[in-house]
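# Understanding the architecture of this molecule
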Amino acid sequence: MTSSALLISDDAELNQRINTVFEFIDYSLGIAGCNTKQVTNQLESDAQFVIAMLSVKDGEQEAELLATLNRLRPSLPVYLLVDEADPAGAPPKGASGFISHPVQYRKLLGIVRHAEKEGRKTVRALNGPSVSLTGQSAKLKEIQALIRHVAMTDANVLLLGESGTGKEVVARSIHFLSLRNDHPFIAVNCGAIPPELLESELFGHEKGAFTGAISTRKGRFELAEGGTLFLDEIGDMPLNMQVKLLRVLQERSFERVGGTKTMQANVRLIAATHQDLERKIGEGKFRMDLFYRLNVFPIELPPLRDRTDDIPLLIREFSLRMELDHRSPIRFDGSAIHALCQHPLPGNVRELENLVERLAILYPGETITNKKLPERYQAALGEPQRPIEVPDYQERSSIDEVEIPYSHSPVPTRNGSSSSNGGLPQADDIDLNSSIDLKQYLFDLEKELIQRALSNSDWVVAKAAKVLSLQRTTLVEKIKKFEIQNPVL
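The text that follows walks through the structure, step by step, so that each part is easy to find. It should be emphasised that the depicted structure is a prediction, and the values quoted were computed from it without experimental measurement.

### Notes on the overall build of the protein chain
Within the protein chain, the secondary structure is distributed over 18 helices and 18 strands. Across the 489 residues of the protein chain, 49% fall into the buried class. Element-wise, carbon and sulfur atoms account for 50% of the exposed surface of the protein chain, whose accessible area totals about 24900 Å².

Here's what the structure looks like:
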C-alpha cells in the first residue's frame, strides 16, 4: 500500500492535475474542499497522510485551515500551492513551505519522500507509534499496542530480544509517545563503558574526585532529567553498579562521584538486554531485586526470522532512506526477497539494513536479484512456501516469474474443444474429468482482462489501472510481462 497525501482545494481542474501527478509517482491522494468540516473528516479517517497541500486564495480561510491541520495532525507537514516559481518570504505560521504550480513531479516526489522520512521521527500518539517500527506482521502490531499502553505511564520497561531487533527504536518510540517527549532521551550502552568509569558516566563527578577529573561533569541521570534514560545491555552491568542503580530506582536520588550533595532523579528508566537475566540471577551475576525493579513492564522483541512478512517493507524503508540521502536507488526483485525471507538473518533488522547499504554501494541504481546477493544469502530458487507481498515500488514481474513458471497448454472443455488465449471458457464449462493447466488458464485470463481494460480505456494506462485496482507501475510491468502492445501503434 502506498502512502497518502491530502490536497485541500476547491479548484476541480487543479485537483485533477495534482491527482495525475500523484498517480504517476505512485502515491494515493485524498481531496478535501476548502472548509474545516471536510478537512476534519479527512484527518479523522484512518488514512495515514505524509503530507498536506493547501490551495486557498483567502488569507483568513488559509490561516483557519492551517490551524485545523496543526491541531489535528501536529506532525503533518503542510505545503502551500502557489503560482510563483520562487515565492518571496517565509511561509506563514503552521506551514512547512511552498510547492510551485505547475508541479514538477521530481521535485514533488522529493518533498513527499522527505516528509515520509521526517514523519518517522516526529509522529505522535494520534498516528500510532513511531513508524520507524516498520512492518505489518501480527507480532509487530502486538509490540506497537504494548508501546501505546506503557508510553503514557512512568513504569520502568525492560526490553528483551536478540541483538539487532530494534530495542533502541522501541525505547525511543516509548519516549516520543510519552508525556516526557519535550525532555531529553539519553542512551547509554552499559557494555561499551569500562566498569571503573560507568559510575561517573551515569552519576557524574566533582572536580578532583579522581585522577583526571579536572572539572565537574554531569552524569547521564542529570542530562536525562525530566526525560528518559535508556540503559542498553543492562546485563553487562557490574554487580557493584547494580547496587547503586537499585538505590536510585528506590529513592529517586543519587550523588555525583566525589560529591556529598544529594540530587533528585526525575527520570523514566528503560533497560534492554539480549541476555537471559533469570539465568544470570541463578549464576549470581545479576541481582534479583534489581531485575524485579526493571521488569515492571517487559516487552520481548521477536527476531526477524519470526516476522518475515516485514522483510519487504523493511527493504523498502532502507532503500528509501538511501535515496533520500542522495544515493542511487536500488530495487529488489522477487527472487532476492524470497532468498532473504528464507535466510535466518541472525543480526536481525540491523543485519538487513547493513546488507541493503552494502548492495546500494555495489549496485547503484540496479535491481537486486538473488544472484547479486552475497553467496551466503542466496537461495535455491523454487516456489515460495507462501505468497510474498512485494511493496508497490518493486518490480512485480520478477516475483511473478519466481512463483508461477507458466507453460502454454490448452484448457479442455466438456464439448472436447480447447482454449489457449482468446475466448476463455467459463469455469462451469471446463471438464474437470481431464487434467487442466490452472496456471496457464489464470495467465491467459489475466492477460485478456488487461487487454480489455486497456482497450476500454483508450490505452490510457492510468485509467486501466484504476479499473483493475492496480498501481500504474504494477500494470506497466504486467504489460511488459504479457508483451501486450497497442494495436494502433
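### Quick look at the environment of G33
Considering the arrangement of structural elements, one finds G33 in the loop between β2 (28-32) and α2 (36-43). Taking the C-alpha atoms as reference points, G33 and D11, separated by 22 residues in sequence, lie 8.6 Å from one another. Excluding its chain neighbours within four sequence positions, the residues that come into contact with G33 are I8, S9, D10, Q38 and V39.

### Observations concerning the packing of α2 against helix α3 (residues 59-72)
Contact pair α2 / α3: the axes reach a minimum separation of 10 Å and the direction vectors enclose 20 degrees. Between α2 and α3, the crossing angle belongs to the class labelled roughly parallel. Regarding α2 and α3, the two cross each other, and that crossing is right-handed. Taking contact as the criterion, the partners of T36, V39, T40 and L43 in α2 are, on α3, E64, L65, T68, L69 and L72. For the contact of α2 with α3, a count of residues per class yields five nonpolar, three polar and one charged.

### A short note on helix α6 (residues 167-176)
Since the α-helix packs 3.6 residues into each turn, any two residues three or four apart lie on the same face. For α6, the full list of buried residues reads K167, V170, A171, S173, I174 and H175. Looking at the packing, one finds that the buried side of α6 touches α5 (138-151), β6 (157-160), β7 (185-189), β10 (228-232), β13 (268-273) and β14 (297-300).

### What to know about the nonpolar core
Judged by nonpolar contacts, the single largest core of 31 residues is most densely connected at L202, F221, L229, L231, I234, M237 and L245. Sorting the residues of this core by element identifies β7, α7 (195-203), β10, α9 (239-251), β13, α10 (277-282) and α11 (288-294) as the ones contributing at least two each. Counting residues per element, this core draws most heavily on α9, at five residues. Once residues within four sequence positions are removed from consideration, I234 is found in contact with L158, C190, L245, A271, A272, T273, L277, F286 and L294. If you look at the next biggest cluster of nonpolar residues, it comprises 23 residues, including I311, L314, I330 and F332.

### Looking at the sheet that holds β13
Strand order across the open sheet formed by five strands is β7-β10-β13-β6-β14, with parallel pairing between neighbours. Strands at the two margins of the open sheet, each flanked by one partner only, are β7 and β14. Taken over all neighbouring pairs, the strand axes of this sheet differ in orientation by 20 degrees on average, direction set aside. As paired strands, β10 and β13 are joined by four bridges and run parallel to one another. Each residue of the ladder has a partner; that of L231, found in β13, is A271.

### Structural notes on the packing of α7 against α9
Between α7 and α9, the shortest axis-to-axis distance is 10 Å and the interhelical angle comes to 15 degrees. Between α7 and α9, the angle is such that the two are roughly parallel. Between α7 and α9 the crossing geometry is right-handed. Residues L198, E199, L202 and F203 of α7 lie in contact with α9, whose contacting residues are M241, K244 and V248.

### Examining the sheet that holds β2
Strand pairs in the sheet, formed through backbone hydrogen bonds, run parallel or antiparallel to each other. With respect to topology, five strands assemble into an open sheet ordered β2-β1-β3-β4-β5, the strand pairing being parallel. In this open sheet, the two strands that pair with only one neighbour each are β2 and β5 (97-100). Pairs of neighbouring strands in the sheet enclose a mean axial angle of 30 degrees, with direction left out of account. Looking at chain direction, strand β1 (residues 4-9) and strand β3 (residues 49-55) are connected through six bridges and run parallel. Paired with L7 across the bridge in β3 is M53.

### Digging into the packing of aromatic side chains
Counted under the stated rule, the structure contains six aromatic pairs. Residues F185 and F230 carry aromatic rings whose centres are separated by 6.2 Å and whose planes lie at 25 degrees to one another, so their mutual orientation is stacked. Of this pair, F185 sits in strand β7 while F230 is found in strand β10, placing the two residues 45 residues apart along the sequence. One exposure class covers both F185 and F230, and it is buried. The structure contains a cluster of three or more aromatic residues connected by ring pairs, namely F203, F221 and F254.

### Considerations on empty space enclosed by the protein
Enumeration according to the criterion identifies two cavities of 30 Å³ or more in this entry. When its volume is computed, the second largest cavity comes out at roughly 30 Å³. If you trace the second largest cavity, you find it lined by F221, V248, L249, R252, A265, V267 and L269.

Analysis parameters
Residues numbered from 1 in each chain as written. Predicted model: local features only at pLDDT ≥ 70, side-chain atom pairs only at ≥ 80, totals over all residues. Heavy atoms only, no water. Helix = DSSP H or I, 4+ residues; strand = E, 2+ residues; numbered from the N terminus. Buried < 20%, exposed > 50% of the residue type's maximum accessible area, 1.4 Å probe, protein only. Areas by Shrake-Rupley, 256 points an atom, 1.4 Å probe, with all protein chains shown as cover. Contact = heavy atoms within 4.5 Å. Axes fitted to C-alpha atoms, helices over the stretch in contact; angles between N-to-C directions. Parallel < 35°, antiparallel > 145°, perpendicular 65-115°, else oblique. Left-handed = near helix turned anticlockwise from the far one by under 90°. Nonpolar A, V, L, I, M, F, W, Y, C, P; charged D, E, K, R; others polar. Core = buried A, V, L, I, M, F, W, Y, C linked by side-chain atoms within 4.5 Å. Pairing = 2+ DSSP bridges. Phe/Tyr/Trp six-rings, centres within 6.5 Å; stacked < 30°, edge-to-face > 60°. 1 Å grid on protein atoms, 1.4 Å probe; cavity = no way out; pocket = protein on both sides within 12 Å on 5 of 7 lines; lining within 4 Å. Points joined across faces, edges and corners; volume = space filled by probe spheres on them.

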